Amino acid sequence: MDPLAHASIGLMARPAAPKAPLWALLLATQVPDLLFFGFEALGLEHQAETAPLDLSTGLVYLSPAHMPWSHGLVMAVAWSLLAGIPSGLILCDRRAGGVIGLTVFSHWFLDFIVYPNMPVFFTDRPMIGAGLVTSGPGLIAGILLEVILIAGGLAAFIHYRKKQRSNQ
Ligand SMILES: [Zn+2]
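Residues numbered from 1 in each chain as written. Predicted model: local features only at pLDDT ≥ 70, side-chain atom pairs only at ≥ 80, totals over all residues. Heavy atoms only, no water.

> Help me understand the overall build of the protein chain, please; the structure alone is not making it clear to me.
Helices and strands together make up the secondary structure of the protein chain, namely six helices and four strands. Mapped from its N terminus to its C terminus, the protein chain presents α and β elements in the order α-α-β-β-α-α-α-β-β-α. Taken over C-alpha atoms, the radius of gyration comes to 17 Å for the protein chain, in line with the 15 Å a tight globule of 168 residues would show. On the principal axes, the C-alpha backbone points of the protein chain span a range of 55 × 30 × 25 Å. Looking at the 168 residues of the protein chain, the share that counts as buried comes to 41%. In the form shown here, the protein chain has an accessible surface area of approximately 9,200 Å², with 72% of it arising from carbon and sulfur atoms. On the protein chain, the mean spot of the 9 positive side-chain charges and the mean spot of the 10 negative ones are 25 Å from each other. (Helix = DSSP H or I, 4+ residues; strand = E, 2+ residues; numbered from the N terminus. Rg over C-alpha atoms; globule rule 2.2 N^0.38 Å. Buried < 20%, exposed > 50% of the residue type's maximum accessible area, 1.4 Å probe, protein only. Areas by Shrake-Rupley, 256 points an atom, 1.4 Å probe, with all protein chains shown as cover. Lys, Arg positive; Asp, Glu negative; His and termini not counted. Charge placed at Lys NZ, Arg CZ, Asp CG, Glu CD.)

As structure tokens, then:
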């Protein structure tokens with residue numbers, strides 16, 4: 001999923017954790033993709049090969065992705081805990097830590113909706129995912145979902161800031 005659509009979850013999460021810095025929430029939404037770049041550079045992970053995008057067929061996979069460390073379900077839970085627990089301790093706020101952890105996990109969940117090939121463990125089987133992008137109508141629904149998320153994130157954040165200002 002698009003980084004902006006992931007980031008919108010950080011904006012939506014902000015009212016739930018006033019003590020969590022906005023930059024930390026936005027960064028949290030990108031953790032699996034940032035880790036992927038690192039693991040890819042180390043030669044541990046690679047992206048799937050796909051055919052040129054065609055709106056009538058959706059995304060056609062030519063070879064599977066391999067990203068169990070950054071995008072596996074087990075590791076998504078681990079990264080969420082690894083981000084959430086220290087954040088909660090540093091900010092002296094369990095709620096902020098919990099929200100930061102959940103925000104990290106939101107990345108996996110959104111990717112799960114969109115892609116068909118999310119690893120669970122450290123092997124390439126099983127792969128799970130709702131795979132919205134693998135059909136023409138699904139691909140369009142996926143793009144709409146991203147637009148709705150971005151608009152929703154911005155609206156939630158603007159509403160929150162207005163409320164904060166009127167409380168001052
Ligand atoms: Zn991702």
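Now that the structure has been shown, we can carry on.
> Would you mind showing me how to read helix 1 (residues 3–13) here?
Every α-helix carries 3.6 residues per turn, so stepping three or four residues along brings you back to the same face. Where burial is concerned, most of helix 1 is hidden: eight out of the eleven residues are buried. Sitting at the amino-terminal end of helix 1 is Asp-2, which places a side-chain oxygen 2.9 Å from the backbone nitrogen of Leu-4. (Polar contact = N/O pair within 3.5 Å; in protein donor to acceptor, adjacent residues only side chain to side chain.)

> I tried to follow the coordination of the zinc ion on my own but got confused; where do I start?
Ideal values for angles at a metal depend on the geometry: 109.5 degrees with four tetrahedral donors, 90 or 180 degrees with six octahedral donors. The zinc ion binds to the protein through Asp-33 (OD), His-71 (NE2), His-107 (NE2) and Asp-111 (OD); the donor distances cover 2.1 to 2.3 Å. Each of the four donor atoms bound to the zinc ion contributes to angles spanning 86 to 179°, and the resulting shape is irregular. For the zinc ion, the single-chain donor residues occur in sequence as D-x37-H-x35-H-x3-D. Here Asp-33, found in helix 2 (residues 22–41), pairs with Asp-111, found in helix 5 (residues 94–114); they are 78 residues apart in sequence, far enough to count as distant. (Donors = N, O, S within 2.8 Å, 3.2 Å for Na, K, Ca; no water. Tetrahedral: all angles 85-135°; square planar, octahedral: opposite > 155°, others 65-115°.)

> Help me out: how do you make sense of the nonpolar core in this one?
Side chains of nonpolar character tend, in soluble globular proteins, to be buried together. Counting 14 residues, the largest nonpolar core has Ala-17, Ala-20, Leu-25, Trp-79, Val-99, Ile-100 and Val-104 as its most contacted members. For this core, the secondary structure elements donating two or more residues are helix 2, helix 4 (73–90) and helix 5. The greatest single-element share of this core, amounting to five residues, is contributed by helix 2. Beyond its immediate sequence surroundings of up to four residues, Val-99 is in contact with Ala-13, Ala-16, Ala-17 and Leu-25. Judged by nonpolar contacts, the second largest core, of nine residues, contains Met-1, Ile-9, Leu-59 and Leu-110. (Core = buried A, V, L, I, M, F, W, Y, C linked by side-chain atoms within 4.5 Å. Contact = heavy atoms within 4.5 Å.)

> How should I be thinking about unusual backbone geometry in this particular structure?
Backbone phi values are negative for most residues with the exception of glycine, while trans is the configuration of most peptide bonds. Positive phi is not limited to glycine here, since Cys-92 has a value of about 50°. Turning to its location among the elements, Cys-92 is positioned in the loop between helix 4 and helix 5.

> Would you explain helix 4 in this entry?
Counted at 1.5 Å a residue, the expected span for helix 4 with its 18 residues is 26 Å, and the 26 Å between its end C-alpha atoms agrees. Every buried residue of helix 4 is listed here: Met-75, Ala-76, Trp-79, Ser-80, Gly-84, Ser-87 and Gly-88. Of the surrounding secondary structure, the elements contacted by the buried residues of helix 4 are helix 2, helix 3 (68–71) and helix 5. Trailing helix 4 by a residue or two, Cys-92 shows a phi angle of about 50°, which is positive. (Expected span 1.5 Å × (residues − 1).)

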